[in-house]
Amino acid sequence: MPPLFRRILSEEFHSAAHLCACGCGQEVRTPLGPTEWAVRADVRGPTRRPSVGNWQLPCKSHYLITNGNVQWSNQWTDKQIHAGRQKEHAKRTAHYEAREPRASWWRLLLGFVHDRLGR
Ligand SMILES: [Zn+2]
């Protein structure tokens, strides 16, 4: 990835970190954004949506954080985890495709120029 692109990504895409609620001591990073997690904090404590599923950790804990309190959710099967990841990927793809008509236009132009120069 070109350095400039990496810098822009790191500036635009924020994440939040917390220690896993199960007490295993693992740090959990959740990216924040319109297609990722949202965190709201007030005097009662943070609320994070959607739920946090730590499928990549040995504990595989799954919970909601609401006003600073942990609400435990059921553990997912591998099939549910796979389906959830596919759903998230489709959501992100739809969101960014809807947002970037100019990028698509530029890609077409660059493809055209590339084809012309290549001949
Ligand atoms: Zn844990």
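Bear in mind the structure is a predicted one, so any value in this text is a computation, not a measurement.

1. Regarding the environment of Thr 77
Then comes step 1: With respect to the secondary-structure elements, Thr 77 resides in the loop between strand S6 (69-72) and helix H2 (78-99).
Then comes step 2: Distance from Thr 77 to Trp 55, taken between C-alpha atoms, is 9.7 Å for residues 22 residues apart in sequence.

2. As for the environment of Leu 32
Then comes step 1: By the element assignment, Leu 32 lies in strand S2 (residues 27-32).
Then comes step 2: Once the C-alpha coordinates of Leu 32 and Arg 48 are considered, the two residues, 16 residues apart in sequence, prove to be 9.9 Å apart.

3. Some points on the environment of Cys 24
Then comes step 1: Residue position: Cys 24 is located in the loop between strand S1 (14-19) and S2.
Then comes step 2: Apart from the residues within four sequence positions on either side, Cys 24 is in contact with Leu 57 and Cys 59.

4. Examining unusual backbone geometry
Then comes step 1: The linkage connecting Arg 49 with the following residue, Pro 50, adopts the cis geometry, with an omega of -5 degrees.
Then comes step 2: Within the element layout of this structure, Pro 50 appears in strand S4 (residues 45-53).
Then comes step 3: Of note, Lys 60 is a non-glycine position whose phi angle comes to about 50 degrees, a positive value.
Then comes step 4: Mapped onto the elements, Lys 60 comes out in the loop between S4 and strand S5 (62-66).
Then comes step 5: Here Lys 60 falls in the partly exposed class, since 13 other C-beta atoms lie within 10 Å of it.
Then comes step 6: Its identity as a non-glycine residue notwithstanding, Asn 67 has a phi of 50 degrees, on the positive side.
Then comes step 7: Of note, Asn 67 is situated in the loop between S5 and S6.

5. Observations regarding the pairing of S5
Then comes step 1: In this structure, S4 lies alongside S5, joined through 3 bridges in antiparallel fashion. In the sheet register, Arg 48 faces S5, and the bridge partner there is Ile 65.
Then comes step 2: Of the pairings in the sheet, the one linking S5 to S6 comprises 4 bridges and is antiparallel in character. Residue pairing in the sheet places Thr 66 in a bridge with Asn 69 of S6.
Then comes step 3: From the end of S5 to the start of S6, which pair antiparallel, there are 2 residues, and Asn 67 there has a positive phi angle of about 50 degrees.

6. Regarding H2
Then comes step 1: The end-to-end C-alpha distance of H2 is 32 Å, a good match for the 32 Å that 22 residues give at a rise of 1.5 Å each.
Then comes step 2: Judged by how many residues are buried, H2 sits mostly at the surface: 0 of 22 residues are covered.

7. Looking at the sheet that holds strand S3 (residues 38-42)
Then comes step 1: As summarised here, the arrangement of the 4 strands in space is S3-S4-S5-S6, forming an open sheet in which the pairing is antiparallel. The open sheet is flanked by S3 and S6, the only strands paired with a single partner. Strand-to-strand twist of the sheet, defined as the mean angle between neighbouring strand axes without regard to direction, takes the value 25 degrees.

8. What to know about the pairing of S3
Then comes step 1: The element S3 is largely exposed, with a buried count of 0 among its 5 residues.
Then comes step 2: Where S3 and S4 come together, 5 bridges link them in antiparallel fashion. From the neighbouring strand, Asp 42 faces S4, where its bridge partner is Gly 45.
Then comes step 3: Once S3 ends, the chain turns through 2 residues before running back antiparallel as S4.

Rules used throughout
In every chain, residue numbers begin from 1 and rise along the written sequence. Given that this is a predicted model, residues contribute local features only at a pLDDT of at least 70 and side-chain atom pairs are listed and counted only at 80 or more, while totals for whole chains, interfaces and linings are drawn from all residues. Secondary structure elements follow DSSP: runs of H or I of four or more residues count as helices, runs of E of two or more count as strands, with numbering from the N terminus. What counts as a contact is two residues whose backbone-derived C-beta atoms lie within 7 Å of each other. The burial label depends on the number of other C-beta atoms within 10 Å of a residue's C-beta. Counts of 20 or more mean buried, 12 or fewer mean exposed, and intermediate counts mean partly exposed, with C-beta atoms placed from the backbone. DSSP calls a pair of strands paired once it identifies at least 2 bridges connecting them. Each helix should span, by expectation, one fewer than its residue count multiplied by 1.5 Å. Comment: axis = line fitted to C-alpha atoms, over the contacting stretch for helices; angle = value between 0 and 180 degrees taken between N-to-C directions.

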